[in-house]
Amino acid sequence: MSITINGRTVDFNPGDTVLKAARQAGIHIPSLCALDCAVQPAGACRVCIVEVEGMPRVQTSCTLLATHGMVVHTHSPKVLKLRRNIVELLLASHPDDCLYCGRNGNCELAALALQLGVRERHYLGAKKAHALDVSSPALMRDPNKCILCGRCVTVCHLQQKVGAIDFVGRGFRTQVAPGFASGINVSGCILCGQCVRACPTGALMEKSAVADVLAALADPNKVAVAQVAPAVPATLLEAHPGLRTVPGTLEAVAGAFRRAGFQAVFDTTWAADLTIMEEASELVQRVTSGGALPMFTSCSPGWIRYVELHRPDLIPHLSTCKSPQQMAGSAIKAFYPQRVDLKGKGLYVVSLMPCTAKKYEAHDLGDVDAVLTTREVEDLLARCGLSLDTPGIGVPLDAPFAESTGAGRLFGGTGGVMEAAVRTAYKLVTGHELHEGPKLTDLRGTRGVKTLDVQVAAGLTLHCAVVNGLGEVGPILEEVTAGKSPYHFVEVMTCPGGCVGGGGQPYATDGRTVLGRLDRLYEVDRNATHRRSHENEEVQSLYRDHLEAPLSEQSHHLLHRRYTPGERD
């Protein structure tokens with residue numbers, strides 16, 4: 001079946017809306033509320049209106065089902081006039097603070113106004129006077145910039161299935177907020193930041209740490225060091241034509257941050273290998289000696305906050321391992337001063353992360369002083385007059401936290417923690433290396449739930465599952481609650497795609513972009529000299545010199561954590 005859009009014949013499938021058909025054909029129809037994850041389109045913003053021959057009124061293309069033979073005009077004079085009026089009405093009560101807004105230069109509302117040639121106010125509306133919500137260490141909410149498009153509500157309810165925010169109030173007082181318009185910190189919000197990426201304006205933002213980091217760099221009594229998460233270089237190269245590979249981008253980040261004033265830049269992937277040593281050992285111990293099964297991964301702080309707030313009964317099933325960010329923070333603060341004379345200065349550890357919930361995790365556990373999202377990394381470099389495209393800017397990362405394996409790099413994507421853990425758990429049980437065949441790669445990709453069975457010994461088969469996005473975890477949790485779970489080990493990543501699709505990633509992240517980032521991580525693993533976490537010599541050296549062995553008393557003190565049921569800030 002086909003329709004005609006602006007004189008072009010466009011094929012569509014039954015059930016497709018005009019907006020979907022147009023997008024698939026590469027025809028741009030502006031919209032401020034439509035999301036692919038929505039079961040029912042909201043039609044809230046009205047910006048996607050089109051003119052359809054034979055219909056007396058304009059229609060919202062996100063709600064209008066395509067029918068065979070339909071003739072659509074997306075930018076007729078009538079549509080352009082009405083679309084402009086709609087945007088002008090949205091701006092009538094919007095704050096006039098674009099120069100100071102964190103979305104300045106990256107605001108969909110401002111871009112649409114520019115596209116439609118809005119240059120003056122034709123409508124004057126009463127300004128909103130909602131209180132700002134800055135209660136959370138990770139996110140902040142400015143209801144005065146909200147255009148009530150409902151994207152954040154859609155993502156929170158339908159994609160993440162947390163339901164922490166919704167429309168509150170009536171009429172002009174309507175806003176999007178947690179229940180009873182309370183602060184984010186005392187709500188059921190897991191701080192994943194998917195709502196921030198969905199928001200078209202500055203109504204939802206991460207709480208920026210750029211100013212704090214710059215202040216630390218300027219403080220003569222502090223020594224600043226940084227760590228870079230696996231997903232960050234896989235993302236940053238997208239915006240920099242001069243960068244081609246993840247390792248090259250990682251070195252460019254290291255060089256840029258050294259020029260910004262950091263004394264050292266480490267690779268969080270090193271700590272991912274360390275995490276696998278602890279986590280795989282914990283898994284083997286639970287399977288062979290008894291313990292709560294299935295064991296859930298503990299690397300995704302949004303997932304951890306979800307368990308603490310919404311399912312504290314599952315806490316015994318969580319691995320006690322800290323995340324790679326926190327393990328790196330602990331190890332840096334414990335051992336870097338032994339290697340380098342800080343001359344009495346305080347050590348200030350900054351994490352470069354793709355995740356907003358990492359800000360909460362660092363605030364909660366205290367091993368890391370500040371967290372910069374991928375978006376904030378670009379912000380900090382711009383403020384320092386630095387660019388990753390500068391020729392020759394790259395430098396090697398700093399010892400002793402620089403070596404990494406392909407397994408550790410996989411942490412940046414869904415299924416990566418499980419794949420890395422299985423490689424090492426197999427070695428711990430059998431004493432032999434697991435030669436991956438096509439089955440292990442079944443853990444890759446962006447399916448909602450992926451499963452894998454690995455026979456590690458006679459009579460012992462590990463049953464594993466990977467959950468891609470918190471919204472997919474429900475059936476597995478039901479099995480655990482009913483005592484019918486077939487799994488030994490379950491990886492849960494809060495954000496679809498894993499860290500490469502995290503809430504701190506660039507706003508334009510979509511499914512295709514996520515797949516591209518995953519492919520870059522797989523390429524690094526494929527080309528790595530060492531592809532198993534237990535082959536990381538720097539990690540093995542840490543055990544020989546300081547920790548003795550995985551799950552030792554020393555490693556439990558430094559690398560493991562406790563959980564707090566129902567904790568709210």
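Coordinates for the structure precede this section.
Residues numbered from 1 in each chain as written. Predicted model: local features only at pLDDT ≥ 70, side-chain atom pairs only at ≥ 80, totals over all residues. Heavy atoms only, no water.

## Looking at the packing of helix H10 (residues 301-310) against helix H12 (residues 357-365)
Under the convention used in this document: Convention adopted: a line fitted to C-alpha atoms gives each axis, helices being fitted over their contacting stretch, and angles between N-to-C directions are expressed from 0 to 180 degrees. In this description a helix means any DSSP run of H or I spanning at least four residues, a strand means any run of E spanning at least two, and both kinds are numbered starting from the N terminus. Should an angle fall under 35 degrees it is called roughly parallel, over 145 degrees roughly antiparallel, and 65 to 115 degrees roughly perpendicular, with every other angle called oblique. Residues are treated as being in contact if the distance between any of their heavy atoms lies within 4.5 Å. Three residue categories are used. Nonpolar comprises Ala, Val, Leu, Ile, Met, Phe, Trp, Tyr, Cys and Pro, charged comprises Asp, Glu, Lys and Arg, and polar comprises the others, including Gly.
Interhelical geometry of H10 versus H12 gives an angle of 65° and a closest axis separation of 8 Å. Considering the angle they form, H10 stands roughly perpendicular to H12. Contacts from Pro301, Gly302, Arg305 and Glu308 of H10 reach H12 at Ala357, Lys358, Tyr360 and Glu361. The class makeup of the residues in the contact of H10 with H12 is three nonpolar, one polar and four charged.

## Section: the sheet that holds strand E5 (residues 71-73)
As a reminder, the rule being used: The pairing criterion is simple: DSSP has to find at least two bridges between the two strands.
Spatial ordering of the open sheet is given by E2-E1-E5-E3-E4, a layout of five strands whose pairing is mixed. Both outer strands of the open sheet, strand E2 (8-11) and strand E4 (59-60), are each paired with one neighbouring strand and no more. Sheet topology places strand E3 (residues 49-52) next to E4; two bridges connect them, and they run antiparallel. Counterpart to Val50 in the pairing with E4 is Gln59.

## Comments concerning helix H18 (residues 537-547)
Counted only if it meets this: Burial classification: accessible surface area is computed with a 1.4 Å probe over protein chains only, and a residue below 20% of its type maximum counts as buried, one above 50% as exposed, and the rest as partly exposed. Taken from the helix axis, the directions to the C-beta atoms give the arc we talk about.
Among all positions of H18, only Val539, Leu542, Tyr543 and Leu547 are buried. Buried residues of H18 fall within an arc of 100° about the axis and therefore sit on the same side. Across H18 from its buried face, at more than 90 degrees, point the exposed residues Arg544 and Asp545. Taken together, the buried residues of H18 touch helix H9 (268-289), helix H11 (324-339) and helix H19 (553-559).

## Digging into the sheet that holds strand E10 (residues 222-228)
Here four strands make up an open sheet; going across it, the order is E11-E10-E13-E14 and the pairing parallel. Strands with a single pairing partner mark the edges of an open sheet, and in this sheet they are strand E11 (264-267) and strand E14 (370-373). Each strand of the sheet is rotated relative to its neighbour by a mean of 25°, with strand direction disregarded. Pairing analysis gives four bridges linking E10 to E11, with the strands arranged parallel. Paired with Gln227 across the bridge in E11 is Phe266. Across the sheet, helix H6 (residues 210-218) touches E10, strand E13 (346-353) and E14, and the angle it forms with E13 is around 145°.

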